[in-house]
Each structure stands twice: as structure tokens, then as C-alpha cells.
Amino acid sequence: MRVVGKPLAKVDARAKVTGSTLYADDLIFPGTLFCKLLRSPHPYARIKHMDLNAAKAVEGVVAVITGNDLPVKYGILPISQDEHALESEKVRYVGDPVAAVAAVDEETAALAAEKIRVEYEVLDPVTSIEEALSEPVDEPIHDYGGPSNIHKMAALSFGNLEAGFAEADHIREDVFFYGGNTHLPMEEHSAIATYVDGKLTLWSSTQTPHYVHRAVSKVMGLPMSAIRVVATPHGGGFGGKTDPFSHEMAVCKLAMVTGKPVKCTLTREEVFYAHRGRHPVLMWVRTGMKRNGRITAMHFKTALDGGAYGSYGVATLFYTGALQTTTYDIPAYRFEGARVFTNKAPCGPKRGHGTPQPRFALELHLDKMAEDLGLDPVEVRRRNYVKPNTTTVNWLRITSCGLEEITDRVLQASSYVNRQRAVGHGMGFAVSSYLCGAGLPIYWNSLPHSECLIKLDRGGVTVYCGATDIGQGSDTVIATVVAEELGLWPSDIRLVTGDTGFAPVDLGSYSSRVTFMAGNAALDAARKLRNLIAEVAAESMGCSPGEIEVGDGKFGTLSFEEAAQLAQERFGAISTTGSYRPPDLAGPYKGSGVGPSPAYSYSAAVVDIDVDPETGIIKVNKVWLAHDIGRSINPVSVRGQVEGGVYMGLGEALMEEQAYRKALPKQPSMLDYKSLTSIDMPEVETILVETNDPEGPYGAKEVGQGPLLPVVPAVVSAVHDALGVWIDQVPVTPDKIMKALDAKTKGQAPRFGPKSFPDIAYPQYVKVDTPHVATQAI
Amino acid sequence: MLRLRPFRYLRPMGAEEAAAMVAEFDGEAMLVAGGTDLVPKLKRRQMEPSILVGISHLEELRSLRSTPEGGMEIGAAITLAEVARDPALSAQYPGYAQAASLVSTPPLRNLGTIGGNLMVDTRCNYYDMTYEWRQAAGFCLKKDGDACRVAPARPHCWAVSSSDTAPVAIALDATAVLAGPEGRREVPVESLYQDDGIHYTTKQPYEVVTSLHFPPRAGWRSSYVKLRRRGSIDFPIGGAAVALAIEGDRIIDSKIVLSGVASHPVVAVGAASYLVGHSLDPELVAEVADHAAKPVKPLDNADLAYTWRKRMVKWLVTQAIYEAGK
Amino acid sequence: MSDSVIASFDVNGRSREVLVKSYHTLLEILREDLGLTGTKHGCELGECGACTVLVDGLPQLSCLLLPHQVEGKEITTIEGLAGSGDELHPLQEAFVETGAVQCGYCTPSMLLTAKALLEENPSPGRQEIAEALSGNLCRCTGYEAITRAVELAATRMEA
Ligand SMILES: Cc1cc2nc3c(=O)[nH]c(=O)nc-3n(C[C@H](O)[C@H](O)[C@H](O)COP(=O)(O)OP(=O)(O)OC[C@H]3O[C@@H](n4cnc5c(N)ncnc54)[C@H](O)[C@@H]3O)c2cc1C
Ligand code: SF4
Ligand code: FES
Ligand code: FES
């Protein structure tokens, strides 16, 4: 490999260090108008009347629109099209937009928005999972789902659960709660639209231009061909910019109404209202185990606080039950889950989408079972690890799997086994697994998930692909793949990405799919181009194409440019295309769409902490993270993703929380929503393990999300190691530790966490046959 | 982008003129030094002055020197960063330099002044919010509303004094020079504060703090220990300043002042007196810390559980005493 | 026009006089009046550090600075870090090489803050770097690669 695997600079880094990268809010066109949204101050209310006159009278105001101008509903999932860009009948959370103003500058727009008079009839807000499960005081938040304010339920059962539990020597139940948190990208969401000659163009800091394209088309009533959505360089996403948003719809509509470019940039507080962050999840798990640590059966229940709208919630719900089996071979497994609506900012996907919560519960639950049985927690895990090339009880296909190796490596590097034992010092270990892209698209169809087009013109190579670089480095991956095949440097490749007007579709930067899927599409297109050029070069050199050595800017003895020109002389204009669609992986049952992936990445973490028994304050000393990357296309980028994932995992474990005062976000600012500063961040040692996935591009797998997952339980496990108390609820704030220590002193259960799991009337579970007998002896 | 509402900015030639300007536009004008406290609050519309009177450019507010008696004079417009890195200050008043170095973040400390830090507005997480948020939550007594959201029983504001440097200045018996339109007066820093989250200072709104005077403190040790969630950015949710005069291994004088626990820096008079005449043995320190912490009653208007903040006061005092006694 | 003032200061070595609103912050003036969009914003309240610029060589938060406060001062933004031509500043080189840039949104503020640090302390340790950067939040990198970049640049600049 000439460029794959080399620590090369990212292709977009130079512009970023010189300040010349143009993010959405940096864009401005002559005559641009500025838009401000008016948002609801009530968590739940009916809109009785709106008076726009005073706002329209403000000098400098060009247009004011309301829900009447945007009556069509949308939503990211086909099954929950439940949002209006601007609500005209009912608001469902504090911050729900009801009107939009376009004016000559942002100050005028803000002033005018404030002058809009809205008469509300305030309703009784639903603020917790418990309230959402019980009979509502007022009407349910939405007119679908139910009973009460339940949005969606799931119930699946694989294998013979009862028999599994009957076989167990030990059965244990635990309850956990994972607090909600948010993405907090450094860049506030921003979008700007123009409407020229009947064509609408939207530049937006979105991770999913294709889905925004679809939604804009639906809401504006324009064919997709009349719309171009450009994902601008991104100031951070982490899942927070994967839904179509009100401000995007508003600028499109306002551009159409006024004929002027219209821009809207959210304030930080509005970003907290737009949210789509990590769901708070209450969890109950019951596991049966043999005396030797082998799992016989597991029953997992979840309840998700979804906030006010559907968003990705149905997928999130299924994800809370899907990936328990991709690390552990569970012979019989039942999952029951419910997502409820509450009058809080809508939750959605955040790095790890629906899986950090159950991972946290599962890993700690296994620690506790090991403790009960007097077994080593690492050994208990090893006894149950899935093996490569197997199928899980819920029909997930496992191919490459480096669990054993990452475990060995992380334990060795951290000296976990021989750790120093002292009160106040602790180490924790956990493992996890994540998808390399969802096996199914959001809109079920048989189209490719990623498409790529390469144009060769007089020796210049331009790659067109819908993939969206959100800072994770996907442009660099695509350029590297193409450069590798064509014997060039990544910096030689011109990229047109994230632009639905020019590039063929890629579904977007979510579910860790880009390296795997866009990488494979680019590989496909690049190989076709390489073959074309090699064929002509071979002819001119009098050898066979297979003998042509490609690299260092050369095709055999010809320079790349010479070879490319020969090819163009022969074939005329040249472009090649490539595409990727994952194999059909869904199991034979309803609900099997969430969980399958062409490959799974694996991560293992060890966290070393000091925790002061007098204060409960935690100091993280070091984190070791071993990750099964399949193969790293760019080790610098991969390491960056690992470190960033560890950082975010530590944040979620220690402090990040989207907390509420009843239904009002308690801390919608960067000061009050706590995220780690450089001083709080420990050293991270990254260990990369290459398992060479058979289907990944050059064997590569994902790294964008996986490394966050084991960090959270590892922190809690380390607290237990240090003080002998369990904190079954994140974030693990010092007050929780002190409460657990108090309980311990009083002789009560040495823990802090939820006491019970509510009685939820889950539907009768779908009974699914196992794909095979257990892979390992029980 | 969150922006400021319009105001006029005046640039006086001296402290007296500044005071006169504020006095003239009574209620309409406010002083601004670094603006690191004021500007965010204006953006959130917690105050709505139509005139700002700038003072950070005034050379007379920028002294930093030893006094003939052996103390120090620090101009009010000296920045927190300048205080933190001044060797003479750190040598004689390590607690003060330490407190300045722990305020917020490095870029903010390059702008924020010590005068502004003394006068920093009291804080409450029902109040330090945007206009829109406060509207959604219901406005409170301190701005636009008529009841306290934290403790509605009484028409009193419990917003928390959150200055890091004020408690140390008090522990070191510093005085402040105040300039009014008519002239200057010098008062103990301790007397600048009162138990009212709204009218937290006894100073007239137009009076300009021109400088702080620290008495000689050779033979004294001082410390400041701050409680906050992160290693940077955050305001104190508790803090303890301790000054000890030590002879041999005996304490001959002491002062303990708490921050972040009430609407004013709290001087633990009784507790500090216990130390006098003794050396620092753990039992005594624990007793003193206990005594200092007992009257403190944090409320649910700052970060983290107030019950935990309450129990942390004792720990803070203990740490600060040992730190000073080192 | 009573709320408009003429602000005069140096930006990246060039003296500028701009008619601005007295209540516009330096952040708005740089981005909107002078078109220097390399300076970013993440909160506009002094809480995130993204808007950091150098004022007379010291990192300060442009979202808090009023025009009068920068009167006659020298301001350096990210656009002025490299100097003229194609050459990058050693810090910029190091950021590119070590992967200290992910989304790049915090990068201008990190680079300027690091520049001021190295001017004051040419060979800072890990802890000193962490202290110096602790007012600039980054959500992507976990600060690790940024720290390595500053170390690398320091070594090269010392040599
Ligand atoms: C994100 C963030 C974090 C912060 N963290 C901390 C912290 O940890 N600890 C802390 O103590 N502070 C903190 N602050 C508050 C503030 O930045 C500091 O207190 C700073 O020292 C204020 O100084 P300044 O010159 O900027 O004050 P300004 O904002 O200019 O003024 C603050 C107040 O003091 C008055 N004032 C200023 N100077 C004088 C004077 N000479 N005479 C009379 N009145 C005057 C003003 O009228 C105003 O009411 C933080 C602020 C922010 C935005
Ligand atoms: S303590 Fe009460 S009155 Fe004072 S700011 Fe807070 S809510 Fe308002
Ligand atoms: S934008 Fe200035 S500190 Fe956040
Ligand atoms: S690189 Fe994205 S915020 Fe720092």
C-alpha cells in the first residue's frame, strides 16, 4: 500500500488552520436577509391566536411566516413524520418554533420576532417517563402511538429464555439509568438558502444532505430535481445535525417568498432546544449464568424518554436492544422496550446511537454477576465473547472480530491485572461493539447506500460523492482510496462531496457508515478507472495490464498524466462510477432492520482513576483504549477518532447531562452544560488492532463511534474498584458517590441509582427462532 | 449570534468624571471595566442600561506597586492575569494571586479586571439565563419578576456572591478606594458587601473602585481553595480563603472567608478565632472547619446538589487552612 | 448615528478605521464588517473560547470586546498567523501533521492561544499546555492531538 495506512495530512486541514474554510455561517451573498425563529416559551400549549402585524411593521422586516405557510409535516423516519417547521396548532416543548422573520439584519429580525403576539392555552406538560406511561391529564402529545404517551414499543424474544434461566446457577436483576445529554458541537447550526430561476439551493451544516433534500422537497412541494442541498464544512456534528430542522425549512421558504438569499444561524441556547441528543434511558436487566460465568439467558428491558417528537426514536428504541449480542454470545435473549413522548426537547441520535445506554448497563451488570460468583470480571466476559464468523441469537452476522486481541492488548498496556489496590484508587475495564453502517437505509429500498463518480480530465481527477465530512475525515478517506488505486497522493484528488446538486447520493454521516460504504463505492469507481488507464498504458508499453505497476504518479513507465491522456484519446471523455450496497443481512422477523451491519468494530477500555472518599471528586489519570479498526486507512485520523471518542465518553460518564427543571432545559449554555476542558482530560493511550475485515475497503472498519462506548462503564467500574460502591446512573457526579458511600456506611446497599423499573404493558413478544444452536458450549 | 442591544459608550478622562457620568444618568448608566461579567449579562438582558461608562482605559486605575509601609496598591483595572503572574504579589499575598489565577479561563483573565471581580454580579441559575429562558421559567425578583424562584416564601433574593478574589481580599484586610463625583473615600473591602442578592454592594452605583490596598503581610500566609466542576471556566460553587499569621508553629492571628455560599463573602469570625494561640493539629482544624461550615446554607440555585455543596464547605476550609499553613 | 463610532486599530499588521455600532463586539466587526470569518463563535458569552483573537499579543475573547476597548491596539486573527505567502506558521504545520484538526472549528482559537503561549514559554510541558488551552473548548479531539501539535511546534521552533 502506498498511501493507505500512512499518517498523511488530512486533505482539508490546510484550509482549516489558515481560517479559510467557509462554514455555513461564514457564507453570505449580496442582499442576504437574516432569519430569526420565534420559539414557544411553553412546554405544552395550544396556539389560540397569532398577531403578526406589529412584527411586520418593524422597519427592515421583509417577511414573516407561520405554520400556515409551511403546512406539510416531515420527520427523518418515514414512520414518524410528526414535525412542522413552524407549529400552528400546538407546541410540544420549550423552543418549538412557531414563526420566522426575515429582515435586513439579525438584530431587526430578533426585534420583530419578539413583537409577534401569540396567545397560548397552556396544557399540562408531561415531564418524565413515569408521567408519560400513565393516563395523560390533557390530550396525548401526538395523535399516533399510545396508549398514553407511548410512542413505540418493541418486544422480541430469541431462543428459549425460560429454559436458559432454568439452566442457570445464578440469576441477577439490576436497574440502571443513563441520563440524557447533548452533542454540543462547537459550531451552532446554520443554514442559508437562495431561490433563483425556480431552483432552490440550501447550504447547511447538516450531516445528512440527502435526507434534508428529501424533506425540503416534501415540505416545499418542489421536485427533488429543483433543489440542491450542500452540506457545508462542518463545525462538529456527533449526530446533532442528522435531522431536517425548522431553521432549514424556514430559510428555504423565506428565500422562495422574498426572492432573496436568507440565512439563519441558531444561538447556542437554540442549539440546546433543537437537541436530538442522547435519550435518557431507564433499563432493567436479568441474566442467568452458570457457575463458571457462562451466560445462559438474558432479559433486557428499556424505557426511553424521547422528548417531544419522533426523530430517529424508533431506531433508537431498537438499538437499545440490538447490540448486546454482538459482544457476548447469549443463547437466549429477550428484549422489550418502549419510547415515550414528553414535553422536552426532542431526543435523537448521538455518537453511539442508542447503544451507550445498554452498554453501560450490560457491562456493569456483568461486573456485578462476576462479583456475586467470585469470578474475575474479565474472565466472565472472555467466557462469553462472540467468535468471528458466527451469527448471533438475534440473527446478526459477525465477521471479523478482534475481541480477544483488544482485550489482551488493553490489559497488557494498562497492567490492569496487577493494578495497585488502595482505597480511592481504581481501575475499570469494559468492552463494546459498534456498527459499520446500518445494514438498511432509512427509506427501505434496494438502491445503493453510497455512490461515487470519478471524472478524469486531462490528467486531473475529480471525485464526486455525496458523503459528508463532518470533521471525522471522510473526505480524506475517499481521497486516500482513490489515490491508492491511481498511484497518486490524496492531495492530488479534487473532491466534490456532500452536494446533492453535483454528487451522487451517499446517505450521510451517521451510523459510522462512511468509511465502509463510501470507501467501498470510491474503491469500486477507482478500480474501474485504474483498469481503463492500465489497459491503454499496457498497450503502449507492450505488456499486459496486470504487469503495469501503479504508484508514485506513474502507470508503468508513463506518468499518470500521459497515461490518462492516452486513455482519453482512446475512449473520449472518461468517468467511472462505483456504488455500494450492503448484503441483505436482516433476520427473518419484524424489527430486524435495526442492528444488522456489514461489519462490527470492537473496543476495549481500561480507565484509571482516583476518587476522593471525602468529596466524591474523581480524577481520571489515564485511559487505555484498544480498538479493532479492521485496518486503518489513515492512522492519524483513526487515533484522533479514538481520542475524541474517549473524551466524549468521559464527558458523559462524569458530567454531561441535558438536565431539566420540569420541562425547561436547566443549563442551555456552554458554561452550565459541563464538557471537559483540556485540564480535565487525561492522557489517552490508543492501541489499534487490525483484523482486516473481508468486506471493508482494504479491510477497514469504523472508529467514529465505537470507542466512546466502553469508556462510560469502565469509569463506573473503576469507581467501584476504588470505593466499593456502584453508581448505577450517569453522569457520575460527586454528590452521587457521596450518597452511595453514605448508604454503605449505614449498612444499606452500597449504590446510587434507580430503585425500580416501571410496569410497562409491552406487547406480546415476537418469538423468533435462533439461527442455529449456540456457538459455544454452555 | 447572540448580540447586544443598543447602548452608548462613554469614555471619561478620569475616575471622578466616570462617577459623575453614571450619577448624571442615574439608573440608565453602568460602569464597565473588562466587560467580562457585564457583556454576557447585557446579552442575556439581565441589565438594560442605555449608557456604558468605560473605565479600563484609565491610567490612574492601572497602578501596581509596593507602598512605603510595605503593603501593595493594585489599580482596579489591573487584569486578573497581571495579578496572577506578579511575583511581588504572589510572594506576599499568595492566596490572592491564586484566586485570580483560578478565575474562569486564560483568555478571560487577560481582559477581566480585579475591580470588576470585586463588583461581579451575584449569580443564580434562574437569573443568569437569557431573556427567553427567564420568560419561559417565569421572571424572578432580581429582574423583571416579583417572586424568588428558589425560595418563594420571602421577597428576598439569594443570588450567590461568586467572586473568587473578594474573599481573599477580605481575609487579607484589604481596603478599596472609591471615587465619587465629589471625591474619594477608602473602605474595608469587607464593608462593600451586604446580605441581599439584588443590592449586594453597599457602594453607590456611580462610585468607581480605583484601587485596592493590601496592608503589609510579612509573616502571614494565605490561601484560596476553589470548588468547581471543571479545571477551568467555572465560577466557584464554594471557596475558602484563609490568612494566617504564624509565629514559630503557633498561629497568632487568622481570618477565614467563604465564597460561593451566600449573597456576600462570609467571614467566619468565630471559627477563625479558635485557631489563635494554637498550632495546626488535625483535630483543631476539623473543629474549626466544622464551625465555619455550620451556619452556611446553600440553596438550589447553583451547580450540583446543594446538599453536597453544603458538606463540601468543611472540606474547603480544611484544605485552605492546611494550604496556608504549609 | 449617535450609536456609531469609528474604531481604529491594527488587524494583522494593517491599520483599519471602521464605522461600527458602539454595541457591536469585536467578533461582529471582524466577521461582518471586515470579512475576517476565520474567527469563529460558539456561544457569544465568553464561555467557549472559539472567538479568541490576540490583542497586543494576548489571547482575548472577541465576543466580549467592545470597540473602545481595542482602540489603537494590535489585533491578530487566524488570517494573520501565517504571515504573507504560502508558508504556514510552525504551529499550523504541526496541527496539520498531528491530526489536531478535526472539524477545525476550534482550530483558529487554539492556534492563536498556542502562539501566545509559545511566545511566553517556548518549551511548555503537557500540563502548561493544558492550562493555557483550558479556555478553548474542543469537542472533537479530546485535546490530545492538539497538545502533541503544540509540543511538536515548540520543539521545532526551539531548534
Ligand atoms: C464564562 C465566565 C466565567 C467566569 N468565571 C468566573 C470565576 O470563576 N470567578 C469569578 O470571580 N468571576 C468569573 N467570571 C466573571 C468575571 O469575568 C470576572 O469576575 C471578572 O473579574 C470581572 O471583571 P471585569 O473587569 O470584566 O468586570 P466588568 O464586567 O467590566 O464589570 C463587572 C461589574 O463590576 C462593575 N465594575 C467593574 N469595574 C468597576 C470599578 N472599577 N468600580 C466599580 N464598579 C466596577 C461593573 O459596573 C459591573 O457591574 C466569569 C465570567 C464568564 C463570562
Ligand atoms: S435567588 Fe431568587 S430572586 Fe435571586 S436571582 Fe435567584 S430566583 Fe431570582
Ligand atoms: S464565542 Fe466568544 S467565548 Fe464563545
Ligand atoms: S476540531 Fe472540532 S471542535 Fe476542535
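Since this is a predicted model, take the numbers as computed values, not measurements.

A. Quick look at the overall build of chain A. A tally of regular secondary structure across chain A gives 18 helices and 34 strands. In terms of overall size, chain A behaves like a compact globule, its C-alpha atoms giving a radius of gyration of 27 Å where 778 residues would be expected to give roughly 28 Å. Along the longest, intermediate and shortest principal axes, the C-alpha atoms of chain A span 80 × 75 × 50 Å. The buried share of chain A, reckoned over its 778 residues, is 69%. Of all intrachain contacts in chain A linking residues separated by at least 6 positions in sequence, the fraction that spans at least 24 positions is 81%. Split by element, the accessible area of chain A, about 24,300 Å² in all, is 50% carbon and sulfur. Computed over 75 positive and 90 negative side-chain charges, the inter-centroid distance for chain A is 2 Å.

B. Highlighting the nonpolar core. In this structure, Phe429 of chain A, Ile256 of chain B together with Phe95 of chain C are the most contacted members of the largest nonpolar core, which totals 191 residues. Aside from chain neighbours lying at most four places away, what touches Phe95 of chain C is Val17 of chain A together with Ala100, Val101, Thr107, Met110, Leu111, Ile146, Ala149 and Val150 of chain C.

C. View of the site of ligand 1. For ligand 1, the set of nearby residues contains 38 residues, the closest of which are Leu31, Ala33, Thr36, Thr113 and Asp164 of chain B. Ligand 1 is flanked by residues contributed from chains B and C. One of the backbone nitrogen or oxygen atoms of Gly35 of chain B is found 2.7 Å away from an oxygen atom of ligand 1. Thr113 of chain B places a polar side-chain atom, nitrogen or oxygen, 2.6 Å from an oxygen atom of ligand 1. For ligand 1, the accessible surface in isolation is 970 Å², of which the surrounding protein chains cover 97%. Here the shell around ligand 1 takes four residues from helix H7 (residues 114-119) of chain B, the largest share from any one element. In the shell around ligand 1, the residues fall into 19 nonpolar, twelve polar and seven charged.

D. Representation of the interface of chain B and chain A in the model. Taken together, the contact pairs 33 residues of chain B with 35 residues of chain A. Buried surface at the junction of chain B and chain A, both sides included, amounts to about 2,900 Å², of which 54% is carbon and sulfur. A per-residue breakdown of the area chain B buries against chain A is headed by Trp133, Arg229 and Arg230 of chain B, which together make up 22% of the total. Put simply, chain B and chain A have six salt bridges between them. The closest approach of N and O atoms between Asp234 of chain B and Lys674 of chain A, which form a salt bridge, is 3.0 Å.

E. Focus on the packing of helix H14 (residues 514-541) of chain A against helix H15 (residues 560-571) of chain A. Residues and elements named next belong to chain A. Interaxial distance between H14 and H15 falls to 9 Å at its minimum, and their mutual angle equals 95°. If you check the angle between H14 and H15, you find them roughly perpendicular. Of the residues in H15, those touching H14 at Leu532, Ile533, Glu535, Val536, Ala537, Glu539 and Ser540 are Phe560, Ala563, Ala564, Leu566, Ala567, Arg570 and Phe571. Across the contact of H14 with H15, the residue classes break down as ten nonpolar, one polar and three charged.

F. Up close: the pattern of salt bridges. Considering all chains together, one arrives at 86 salt bridges over all chains under this definition. Here Arg14 of chain A makes a salt bridge to Asp86 of chain C, at a shortest N to O gap of 3.1 Å. Remark: Asp86 of chain C occurs in the loop between strand E5 (74-76) and helix H2 (90-98) and Arg14 of chain A occurs in helix H1 (residues 13-18); the pair is interchain, linking two chains. Residue classification places Arg14 of chain A among the partly exposed residues on the basis of a relative accessible area of 37%. For Asp86 of chain C, a relative accessible area of 64% corresponds to the exposed category. When the shortest N-O distance is used, the salt bridge between Asp144 of chain B and Arg134 of chain B registers 3.3 Å. Residue Asp144 of chain B is located in the loop between helix H8 (131-137) and helix H9 (165-171), and its partner Arg134 of chain B is located in helix H8; the two are separated by ten residues in the primary sequence. What makes Asp144 of chain B partly exposed here is its relative accessible area of 42%. Judged by its relative accessible area of 2%, Arg134 of chain B is buried. Put simply, Lys41, Arg44, Asp121, Arg123, Asp128 and Lys142 of chain B together with Glu47 of chain C are held in one network by salt bridges that share partners.

G. Spatial organisation of the pairing of strand E27 (residues 618-628) of chain A. All names here are of chain A. Of all eleven residues that make up E27, nine are buried, and the element is covered over most of its length. One ladder, built from ten bridges, connects strand E26 (residues 600-611) with E27; its direction is antiparallel. If you follow Val607 over to E27, its bridge partner there is Val623. Remark: six residues form the turn of the hairpin made by E26 and E27, two consecutive strands paired antiparallel; Gly616 in that turn has positive phi of roughly 80°. Pairing between E27 and strand E30 (residues 683-689): seven bridges, direction parallel. Residue pairing for E30: Leu625 is matched across the bridge by Thr686.

H. Just the interface of chain C and chain A, in detail. Of the residues lining the interface, 45 residues belong to chain C; the matching set on chain A comes to 50 residues. Regarding the contact of chain C and chain A, the summed buried area is about 3,900 Å², with carbon and sulfur atoms giving 54% of it. Of all elements in the fold, only H2, helix H3 (107-120), helix H4 (126-132) and helix H5 (144-158) of chain C reach the threshold of two or more residues within the side of chain C that touches chain A. For the side of chain C that touches chain A, the element with the most residues is H2 of chain C, which contributes five residues. In the side of chain C that touches chain A, the residues fall into 19 nonpolar, 14 polar and twelve charged.

I. Representation of the pairing of strand E25 (residues 574-580) of chain A within the structure. Residue and element names in this part refer to chain A. Alternating residues of E25 divide into Ile574, Thr576, Gly578 and Tyr580, all buried, and Ser575, Thr577 and Ser579, none buried. Across seven bridges, the pairing between strand E19 (residues 450-457) and E25 is antiparallel. Bridge pairing links Leu453 to Thr577 in E25.

J. Just empty space enclosed by the protein, in detail. Summed over the entire model, instances satisfying the criterion amount to twelve cavities of 30 Å³ or more. As a volume, the largest cavity reaches approximately 140 Å³. In this structure, the largest cavity is lined by 17 residues; those nearest its centre are Glu269, Pro668 and Ser669 of chain A, Thr130 of chain B together with Leu45 of chain C. Taken together, the residues of the lining of the largest cavity break down into seven nonpolar, three polar and seven charged. Estimated volume of the second largest cavity: approximately 110 Å³. Taken together, 16 residues line the second largest cavity, and the ones lying closest to its centre are Glu83, Tyr93, Pro97, Ser246 and Arg276 of chain A. Partitioned by chemical class, the residues of the lining of the second largest cavity number eight nonpolar, three polar and five charged.

K. Region of interest: the domain arrangement of chain A. Residue and element names in this part refer to chain A. We note that the domain assignment places domain 1 (32-123 + 186-236 + 241-274), domain 2 (281-387 + 402-440 + 588-768) and domain 3 (447-580) within chain A. Once you take the C-alpha centre of each, domain 2 and domain 3 turn out to be 38 Å apart. Taking both partners together, domain 2 and domain 3 bury about 1,500 Å²; carbon and sulfur atoms supply 63% of that area. When the buried area of domain 2 at its contact with domain 3 is split by residue, Ile633, Pro697 and Tyr698 rank highest and sum to 37% of it.

L. Examining the sheet that holds strand E9 (residues 190-196) of chain A more closely. Residue and element names in this part refer to chain A. Overall, mixed pairing links the seven strands, which are arranged E3-E5-E1-E12-E9-E10-E11 in an open sheet. The sheet terminates laterally at strand E3 (61-66) and strand E11 (227-231), the two strands that pair on one side only. Neighbour to neighbour, the strand axes of the sheet diverge by 20° on average, direction disregarded. Direction of pairing for E9 relative to strand E12 (residues 262-265): antiparallel, over a ladder of four bridges. Bridging across to E12, Ala193 finds its partner in Val262. The strands touched by helix H3 (residues 106-115) are strand E1 (33-39), E3, strand E5 (97-103) and E12; relative to E1, the strand with the most contacts, the crossing angle is about 30°.

M. Quick look at the packing of aromatic side chains. Applying the stated criterion across every chain yields a total of 22 aromatic pairs over all chains. Here the aromatic rings of Phe7 of chain B and Tyr23 of chain C are separated by 6.3 Å at their centres, their planes lie at 65°, and the arrangement is edge-to-face. Here Phe7 of chain B, found in the segment before strand E1 (8-10), pairs with Tyr23 of chain C, found in the loop between strand E2 (14-21) and helix H1 (26-33), and the two come from separate chains. Taken as a pair, Phe7 of chain B and Tyr23 of chain C share a single burial class, namely buried. Arranged with centres 5.3 Å apart and planes meeting at 45°, the rings of Tyr131 of chain B and Phe139 of chain B form a pair that is tilted. Among the aromatic side chains, those forming a connected cluster through ring pairs are Tyr211, Tyr312, Tyr443 and Tyr510 of chain A.

Criteria and cut-off values
- Along each chain, residue indices are assigned from 1 in the same order as the chain's sequence is written.
- Chains and ligands are labelled sequentially in the order written, the chains with letters from A and the ligands with numbers from 1.
- Residue-level local features of this predicted model are given only where pLDDT is at least 70; pairs of side-chain atoms are given and counted only at 80 or more, and the full residue set underlies all totals for whole chains, interfaces and linings.
- Hydrogens and water are ignored here; the side-chain numbers use all heavy atoms of the structure.
- Comment: elements are numbered from the N terminus, with helices defined as DSSP H or I runs of at least four residues and strands as E runs of at least two.
- Within these notes, the globule rule equals 2.2 Å times the number of residues to the 0.38 power, and the radius of gyration is based on C-alpha atoms.
- Relative accessible area decides the class of each residue, using a 1.4 Å probe on protein chains only: under 20% of the type maximum gives buried, over 50% gives exposed, and in between gives partly exposed.
- Contacts are assigned to residue pairs with any non-hydrogen atoms lying within 4.5 Å of each other.
- All accessible areas in this document rest on Shrake-Rupley with a 1.4 Å probe, and a residue is counted as covered only by the protein chains that are shown.
- Asp and Glu count as negative and Lys and Arg as positive, but His and the ends of the chain are not part of the count.
- We put the charge of a Lys on NZ, of an Arg on CZ, of an Asp on CG and of a Glu on CD.
- Here, nonpolar core refers to any group of buried Ala, Val, Leu, Ile, Met, Phe, Trp, Tyr and Cys residues whose side-chain atoms link them within 4.5 Å.
- Definition of nearness: a residue and a molecule or strand are near each other if at least one heavy atom of the residue lies within 4 Å of the molecule or strand.
- The term polar contact refers here to a pair of N or O atoms within 3.5 Å; inside protein, the definition further demands a hydrogen-donor-capable atom paired with an acceptor-capable atom, and it admits residues adjacent in sequence only when both atoms are side-chain atoms.
- All amino acids are sorted into three groups, where Ala, Val, Leu, Ile, Met, Phe, Trp, Tyr, Cys and Pro are nonpolar, Asp, Glu, Lys and Arg are charged, and the leftover types, Gly among them, are polar.
- As used here, buried area is the combined drop in accessible area, with a 1.4 Å probe, of two parts when they are placed together.
- Salt-bridge detection follows one rule: a side-chain nitrogen of Lys or Arg within 4 Å of a carboxyl oxygen of Asp or Glu.
- Axis geometry follows a simple rule: fit a line to the C-alpha atoms, using only the stretch in contact for helices, then measure angles between N-to-C directions, giving values from 0 to 180 degrees.
- The scheme is simple: roughly parallel for angles under 35 degrees, roughly antiparallel for over 145, roughly perpendicular for 65 to 115, oblique for anything else.
- When DSSP locates at least two bridges between a pair of strands, those strands are taken to pair.
- Any residue with an atom within 4 Å of a point lines the site, the site being either a cavity, points on a 1 Å grid over the protein atoms alone where a 1.4 Å probe fits but cannot get out, or a pocket, an open set with protein on both sides within 12 Å along at least 5 of 7 lines.
- Grid points are joined across faces, edges and corners, and a volume is the space filled by probe spheres set on the points.
- Domain start and stop positions are those given by an automatic or database domain assignment.
- Only Phe, Tyr and Trp rings take part, Trp by its six-membered ring, and two of them pair if their centres are within 6.5 Å. Stacked means planes under 30 degrees apart, edge-to-face means over 60, and tilted covers everything else.

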